[in-house]
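Structure at a glance
Residues per chain are reported as follows:
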Amino acid sequence: MKDRFLRYYFGEMGPEEAEEYRLWLIEHEDDPELEKIMAEAFAEISELGTAAPDARRGGRKWLVPLAAVLLLCLCLPLSFLLGRKSGKDVLEPVVAELTRSKGQLESVEWIEKRVPVGSTDTLLLSDGSQLFLNSGSRITYPKDFVSSRREIFIDGEVYARVAHDPEHPFFIRSGDSRVQVLGTTFNFKAYGEDRCVECLLMEGSVKMTIDSEKGPREVLMKPGNIVQYDRRSGKVSIGDFQPATFRSFLDGKSLHFYNLTMEDIASELERRFGVRIVVMDRKLSHTRFFAIFNNNESLDRILQAMSAGGRMSVRRVDGDYRLYSTK
């Protein structure tokens, strides 16, 4: 089992085997035996990092993380590393990581917070930054920022007002996407199960970096920009919106769908209303919509409005919503 984990870690599996193993890891993430295997594997990786080059797996010169990074990888929830939310409402210490600051090793206590489906929550970071978390979001953040950079991890949607501190840039990471800011207000949405990653900038400046299969892409945003990254196609699009008229999910439970697929819209509506929504055919799943709801509309009202154009129909079956393509 350990050897298979090491093959996955070092990228020695083919795409299909790697995806199959990733799903297996998710299903067994609470297994104490798996936790033990991971600890042994990372211990072996640490030893490989200090071994002679010809002793490292297959003679390859792996750049292995330092012990502090290994500790972080071990203690962060496996589901976070693999891109899945559990939906639990938890606020708990995650890890006491060792980080180097001014030549000294300091302890960093990481905390994980999860927002239940159908709820929102707020968070005040140690630097004074305000974070507003949408339904089904999960965030991992340090109790105190002690290094030269402020960094948090998010799976979900966050509306952020970042405290201005040019000497300590602020980073939000989510899988293959990250944003860097100095002090600004923006909305960042990157749920692990969604196809689209989206960032809207209200004030200040943001550099959004995307690590896709087509290579890294950096976009320097200005107020009024909206950047969308399609994880499947690798396409990055830049558009505009009116910051003065934008209302976030905090304000009247607003929803905005800027050229999103029905697949992602259904996921967002499921998180908002806590019901199951099934898109019944591939054509509708890939159909894109532009819609804005600012008045705390009900789910029935939203689906009625979106089906008014004649592109889909809605049925209720055993409490679920089923969406069908009509064209």
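Residues numbered from 1 in each chain as written. Predicted model: local features only at pLDDT ≥ 70, side-chain atom pairs only at ≥ 80, totals over all residues. Heavy atoms only, no water.

Quick look at the overall build of the chain
Stated formally: Secondary structure elements are defined from DSSP: runs of H or I of at least 4 residues count as helices, runs of E of at least 2 residues count as strands, and each element is numbered from the N terminus. Residue exposure (1.4 Å probe, protein chains only): buried if accessible area is under 20% of the type maximum, exposed if over 50%, otherwise partly exposed. Contacts between residues were defined by any pair of non-hydrogen atoms, one from each residue, lying within 4.5 Å. Each accessible area value is a Shrake-Rupley result obtained with a 1.4 Å probe; residue values ignore everything except the protein chains displayed when judging cover.
In terms of helices and strands, the chain carries eight helices and 19 strands. Scored against the burial criterion, the 327 residues of the chain give a buried share of 45%. The long-range fraction of contacts in the chain, counting pairs at least 24 apart against all pairs at least 6 apart in sequence, stands at 50%. Split by element, the accessible area of the chain, about 16,400 Å² in all, is 49% carbon and sulfur.

Description of the sheet that holds strand β16 (residues 277-279)
The condition is simple: A pair of strands is considered paired only if DSSP assigns at least 2 bridges between the two. Lines are fitted to the C-alpha atoms to define the axes, a helix being fitted only along its stretch in contact, and any angle between axes, read from their N-to-C directions, falls within 0 to 180 degrees.
The three strands are arranged β16-β19-β18 in an open sheet whose pairing can be described as mixed. A strand with exactly one partner marks an edge of an open sheet, and here the two such strands are β16 and β18 (312-317). For this sheet the average axis-to-axis angle between neighbouring strands, irrespective of direction, equals 25°. Of the strand pairs in this sheet, β16 and strand β19 (residues 320-325) are connected by three bridges, and their pairing is parallel. Counted as the bridge partner of V279 is L323 from β19.

Remarks on the pairing of strand β4 (residues 130-133)
Bridge count between strand β3 (residues 121-124) and β4: four bridges; the pairing is antiparallel. Each residue of the ladder has a partner; that of T122, found in β4, is F132. Counted along the chain from β3 to the antiparallel partner β4, the turn is five residues long, and its residue G128 has a positive phi close to 95°. The pairing of β4 with strand β6 (residues 150-161) spans four bridges and is classified as antiparallel.

Describing the environment of F170
Along the chain, F170 falls in strand β7 (residues 170-174). Its relative accessible area of 0% is what places F170 among the buried residues. In sequence terms F170 and R149 are 21 residues apart; their C-alpha atoms lie 6.2 Å from each other. Here F170 is in contact with L125, D127, S129, F145, R150, I152, V162, V179, Q180 and V181, once residues within four sequence places are set aside.

Quick look at the packing of aromatic side chains
Our working rule: Centres within 6.5 Å are what make two rings of Phe, Tyr or Trp a pair, Trp counting through its six-membered ring; a difference in plane orientation under 30 degrees is then read as stacked, over 60 as edge-to-face, and the rest as tilted.
Here the structure, examined in full by the defined rule, presents six aromatic pairs. Between F132 and Y159, the ring centres sit 6.2 Å apart and the planes meet at 55°, which makes this aromatic pair tilted. Taken together, the residues F132 in strand β4 and Y159 in strand β6 connect sequence positions 27 residues apart. One exposure class covers both F132 and Y159, and it is buried. Measuring from ring centre to ring centre gives 6.3 Å for F145 and F170, while their planes differ by 65°; the resulting arrangement is edge-to-face. In this pair, F145 sits in the loop between β5 (138-142) and β6 while F170 sits in strand β7, placing the two residues 25 residues apart along the sequence. Grouping residues by exposure puts F145 and F170 together as buried.

As for the environment of N295
The topology assignment puts N295 in the loop between β17 (288-293) and α8 (299-307). Given the relative accessible area of 60%, N295 is considered exposed. For the pair N295 and L255, spaced 40 residues apart in sequence, the C-alpha separation works out to 9.1 Å.

What to know about the pattern of salt bridges
In plain terms, the rule: What makes a salt bridge here is a side-chain nitrogen of Lys or Arg within 4 Å of a carboxyl oxygen of Asp or Glu, nothing more.
Per the counting criterion, the structure on display carries 18 salt bridges. K189 is the partner of E268 in a salt bridge, and the nearest nitrogen-oxygen pair spans 2.8 Å. You can see E268 sitting in helix α6 (residues 262-273) and its partner K189 sitting in strand β9 (residues 185-190), a full 79 residues away along the chain. The pair E268 / K189 is uniform in exposure class, with both members buried. Counted as one network, the salt bridges with shared partners bring together E112, R114, R138 and D155.

Looking at the packing of α6 against α8
For clarity, the cut-off: Angles below 35 degrees are treated as roughly parallel, those above 145 as roughly antiparallel, those between 65 and 115 as roughly perpendicular, and all remaining angles as oblique. Note on convention: near helix rotated counterclockwise from far helix by under a right angle means a left-handed crossing. Clockwise means right-handed. Nonpolar residues are Ala, Val, Leu, Ile, Met, Phe, Trp, Tyr, Cys and Pro. Charged residues are Asp, Glu, Lys and Arg, and all others, Gly as well, are polar.
Interaxial distance between α6 and α8 falls to 11 Å at its minimum, and their mutual angle equals 165°. Relative to α8, the element α6 is oriented roughly antiparallel. Viewed along their axes, α6 and α8 form a crossing whose handedness is right-handed. Across from M262, I265, L269 and F273 in α6, the residues of α8 making contact are L299, I302, L303 and M306. Of the residues belonging to the contact of α6 with α8, the class tally is eight nonpolar, no polar and no charged.

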